[in-house]
Amino acid sequence: MDARVMVFSAVPILTVTIEDRADRPELHVHAGGQGVWMSRMIAALGVPVTLCVSLGGETGDVVRTRLGGGNGDNIDVRSVKRDSGTGWYVHDRRSGERDEIASDGGEPLTRHDLDELYGLALTEGLRSPVAVLSGSADPGVVDPDIYRRLAADLGNNDVTVVVDLSGDDLTAVLRGRPAFVKVSHEELINAGRASGDDEKALIEAGRGVLDEGAGAVLISRPHAPSLAIFDGRVVTVEPPALEVADHRGAGDSMTAGIASVLARGGDMEEAVRTGAAAGALNVTRHGLGTGNAEAIAELIGRVRVENR
C-alpha cells in the first residue's frame, strides 16, 4: 500500500483573523481546526492526505471553498453534508496577541451525521496505511464513542491509528487500542491522569495511557523536552531551541510529523524525532500547520533523544 494518511476531522471550523499590516487591518479567512492543520503539515512533508470532514450551513460553504483551494495536490478532501452549521471563530491579532472576538463550536452532530461520517472515514481509512483521529474545537460536538469505534475497526484491519485527543475523547479512543497517542502534559493533568507536571508524574501517566490500550505515547511539554514511551523505552525528546512567533499548532504539527513517518514505514524513534522537528518549525511561523519539508529535515538531526 502506498504511503497515505487518512485524517479524520469531524467538525472543522472557519477561522477569521484580523492582522495588522502597514497600519492597516488585514483580514485572513481560512479553513481550520486540528485535523485541517495536521493535514497541511503531513502534505508539506510529502505524504498524500485524505481529509474526512462534515460541513454544513453558510460557514460550511466557505470552509468547503477554502479546503478546495490553496492546499496543493497532496490533500484530497472528502466531505458529508451535516444537518447544522459548521463552527467558526474571529480573532484579532493587531495588538500582537491573539484576542478572541467571538466563536461558536457548532451544534452536536446528529445520529445521521455521525453515521454518514463514520462510513466515509472507515472507507478512506481502510485505503490508507495510517489514520489520524483528531479532536474538535468544542468537545461536545462529537460523540466520543465514534473515536473508539474507528480506532478499533481500523486497527483490527491492519491500519496504524494515531490519535491526538483529550478528555472523554481520549478515554473512549483508548478502548479501541490505537497504535500511537500524542497528548499534552496539560491535558493529562486536567483530566486527572497526572498528579503534577514533574517528569516522574508524567511518565507514570504515560504508562497509564499504555495500560488503557495505547501502543506508544508522546507527551508534549511547551517549555521542556517531550516524553515518549515506545518499544519498551522511556525517552526525552528535545528539539533545537528556536524563537517562538506563535506557539499554537505545535502539537498538531508534532502529530503530523509522526503520522508522515509511520505512513512511509519508518520506526517509532524516527517518528518522534520528525514530530519534534515539525513542531519546532511550526512555532517560528504564524500559519498553523505550516512548514517546509527541507527545513524540517535539517532540524531532525538536531533533535536530541535520550533514554530515561
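Quick note: structure is the one above.
Please read all numbers here as calculations on a predicted model, not as lab measurements.

Reading the values: rules and limits
Counting restarts for each chain, with residues numbered from 1 along the sequence as it is written. Owing to the predicted nature of the model, reporting of local features is limited to residues with pLDDT of at least 70; listing and counting of side-chain atom pairs is limited to 80 or more, with chain, interface and lining totals taken over all residues. Hydrogens and water molecules were not included; the side-chain quantities draw on all heavy atoms of the structure. Angles here are taken between N-to-C directions and fall from 0 to 180 degrees, while the axes themselves are lines fitted to C-alpha atoms, restricted in helices to the stretch in contact. Secondary structure is summarised from DSSP: a helix means a run of H or I of at least four residues, a strand means a run of E of at least two, and numbering begins at the N terminus for each. Angles below 35 degrees are treated as roughly parallel, those above 145 as roughly antiparallel, those between 65 and 115 as roughly perpendicular, and all remaining angles as oblique. Handedness of a helix crossing follows the sense of rotation of the near helix relative to the far helix, less than a right angle counterclockwise being left-handed and clockwise being right-handed. Note on definitions: a residue-residue contact is assigned when non-hydrogen atoms from the two residues lie within 4.5 Å. Residues are sorted three ways: Asp, Glu, Lys and Arg are charged, Ala, Val, Leu, Ile, Met, Phe, Trp, Tyr, Cys and Pro are nonpolar, and all the rest, Gly among them, are polar. We call a set of buried residues a nonpolar core when its members are Ala, Val, Leu, Ile, Met, Phe, Trp, Tyr or Cys and they connect through side-chain atoms within 4.5 Å of each other. Exposure categories follow from relative accessible area, calculated using a 1.4 Å probe and restricted to protein chains: below 20% of the type maximum is buried, above 50% is exposed, and the middle band is partly exposed. Strand pairing follows a simple DSSP-based rule, namely that at least 2 bridges must link the two strands. Any carboxyl oxygen of Asp or Glu within 4 Å of a side-chain nitrogen of Lys or Arg constitutes a salt bridge here. Stacked, tilted and edge-to-face are the three classes assigned to paired rings of Phe, Tyr and Trp, where Trp is represented by its six-membered ring and a pair needs centres within 6.5 Å; plane angles under 30 degrees give stacked, over 60 edge-to-face, the rest tilted. Two thresholds decide whether a charge sits over a ring: the Lys NZ or Arg CZ must be within 6 Å of the ring centre and within 35 degrees of the ring normal.

Caption draft 1: Quick peek at the packing of helix α3 (residues 111-126) against helix α4 (residues 145-155). Running from N to C, α3 and α4 point in directions that differ by 25 degrees, and their axes come no closer than 10 Å. In terms of axis orientation, α3 runs roughly parallel to α4. Helix-helix and strand crossings are classified by hand; for α3 and α4 the assignment is right-handed. Across from Leu-114, Tyr-118, Ala-121, Leu-122, Gly-125 and Leu-126 in α3, the residues of α4 making contact are Ile-146, Arg-149, Leu-150, Asp-153 and Leu-154. Here the contact of α3 with α4 is built from residues that sort into 8 nonpolar, 1 polar and 2 charged.

Caption draft 2: Region of the structure containing the nonpolar core. Among the nonpolar cores identified, the biggest contains 47 residues, and Val-5, Ile-42, Phe-180 and Val-237 are the most heavily contacted of them. Val-80, Leu-188, Ala-194 and Val-234 belong to the second largest nonpolar core, which has 42 residues in total.

Caption draft 3: Representation of the sheet that holds strand β11 (residues 217-220). Reading across the sheet, the 10 strands line up as β5-β4-β1-β8-β9-β10-β11-β12-β13-β14 and stay open at both edges, with mixed pairing between neighbours. The strands lining the two open edges of the sheet, one partner per strand, are β5 (75-81) and β14 (304-307). When the angles between neighbouring strand axes are averaged without regard to direction, this sheet yields 20 degrees. By the bridge criterion, 5 bridges tie strand β8 (residues 130-134) to strand β9 (residues 160-164) in an arrangement that is parallel. Residue Ser-134 lies in a different strand from β9, and its bridge partner there is Asp-164.

Caption draft 4: Region of the structure containing the pattern of salt bridges. The final tally for this structure, using the stated rule, is 16 salt bridges. For the salt bridge of Arg-127 with Glu-124, the shortest nitrogen-to-oxygen distance reads 3.0 Å. Overall, the relative accessible area of 5% leaves Glu-124 in the buried class. Its salt-bridge partner being Asp-164, residue Lys-182 comes within 3.6 Å of it at the nearest N-O pair. Of the two residues, Lys-182 sits in strand β10 (residues 180-184) while Asp-164 sits in strand β9, which places them 18 residues apart along the sequence. Asp-164 shares its class with Lys-182; the two are buried.

Caption draft 5: Just the packing of aromatic side chains, in detail. Going through the model one piece at a time under the given rule, you end up with 1 aromatic pair. Considering the side-chain rings of Phe-8 and Tyr-147, the 5.9 Å spacing of their centres and the 80 degrees angle between planes classify their relative orientation as edge-to-face. You can see Phe-8 sitting in strand β1 (residues 5-9) and its partner Tyr-147 sitting in helix α4, a full 139 residues away along the chain. Accessibility classification places Phe-8 together with Tyr-147 in one group, the buried group. Over the ring of Tyr-118 we find Arg-149, and its NZ or CZ is 3.9 Å from the ring centre.

Caption draft 6: Geometry of the environment of His-30. Note that His-30 resides in strand β3 (residues 24-32). Taking relative accessible area as the criterion, His-30 reaches 34% and is therefore assigned partly exposed.

Caption draft 7: Geometry of the packing of helix α9 (residues 268-282) against helix α10 (residues 293-300). Contact geometry for α9 and α10: axes closest at 8 Å, N-to-C directions at 120 degrees. With respect to their mutual orientation, α9 and α10 come out oblique. Viewed along their axes, α9 and α10 form a crossing whose handedness is right-handed. Residues Arg-273, Thr-274, Ala-277, Ala-278 and Leu-281 of α9 pack against Ala-295, Ile-296, Leu-299 and Ile-300 of α10. Partitioned by chemical class, the residues of the contact of α9 with α10 number 7 nonpolar, 1 polar and 1 charged.

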